[in-house]
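One letter stands for each residue in the lines below.
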Amino acid sequence: MIITIDEKDLQRMIDERVDERLQRANQPVYCKGWLELRKDITDYCHLTKYKQANRSFATLQSFIYSAIKFSLGISRLSEMSDAQAVIAREVFEFLKEKRGQAEWMS
């Protein structure tokens, strides 16, 4: 049995396949919860950099990211699920609270 495909059908099939690949490529690698938390961490780091002990934005961000990865047992933030993003937010809030207490006590 020989199947014949005309040029229009072939082009339509190619276009559909390309559209599917583009949609998958445009989807974020990170979960939505992490994207929201990442923005909050960035804002916090910008607000508090150089405030005390001359810490830079990158130092603060790296510390927070490392604590989150350690707490979740992941090596890359792209591995985070939405459920883990909730825990990551708790870690971030805990760190902010403890840093605020340390500033108050000194």
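Refer to the structure presented above.
Residues numbered from 1 in each chain as written. Predicted model: local features only at pLDDT ≥ 70, side-chain atom pairs only at ≥ 80, totals over all residues. Heavy atoms only, no water.

S.K.: Help me understand a nonpolar patch on the surface in this model?
M.R.: There is a patch of nonpolar side chains on the surface, built from I3, I5, L10, M13, I14, V18 and L22 and spanning about 650 Å² of accessible area. Assignment of secondary structure puts I14 in helix 1 (residues 7-26). Its relative accessible area of 41% is what places I14 among the partly exposed residues. (Patch = residues over 30% accessible without salt bridge, like charges linked within 9 Å, V, L, I, M, F, W, Y side chains within 5 Å. Areas by Shrake-Rupley, 256 points an atom, 1.4 Å probe, with all protein chains shown as cover. Salt bridge = Lys/Arg side-chain N within 4 Å of Asp/Glu carboxyl O. Helix = DSSP H or I, 4+ residues; strand = E, 2+ residues; numbered from the N terminus. Buried < 20%, exposed > 50% of the residue type's maximum accessible area, 1.4 Å probe, protein only.)

S.K.: Whenever I open this one, the pattern of salt bridges confuses me. Can you help?
M.R.: Opposite charge on two side chains permits pairing when their charged atoms draw close. According to the stated counting rule, one finds 8 salt bridges in the structure shown. Close ionic contact of D40 with R89 constitutes a salt bridge, the shortest N to O distance being 2.7 Å. One end of the pair, D40, is in helix 2 (residues 32-48); the other, R89, is in helix 4 (residues 82-105), and 49 residues separate them in sequence. Residues joined in a network through salt bridges with shared partners are D40, R89, E93 and K96.

S.K.: Would you take a moment to explain helix 3 (residues 57-72) for this structure?
M.R.: The periodicity of an α-helix, 3.6 residues per turn, causes residues three or four places apart in sequence to face the same way. Given a rise of 1.5 Å per residue, 16 residues ought to cover 22 Å, and the 23 Å separating the end C-alpha atoms of helix 3 matches this to within 8%. Taken residue by residue, helix 3 has L60, Q61, I64, Y65, A67, I68 and L72 as its buried positions. Buried residues in helix 3, looked at end-on, bunch into an arc of 160°, giving them a common side. In helix 3, those exposed residues whose orientation departs by more than 90 degrees from the buried face are F63 and F70. Two residues or fewer past helix 3, G73 is found with a positive phi of approximately 70°. (Expected span 1.5 Å × (residues − 1). Arc of directions from axis to C-beta.)

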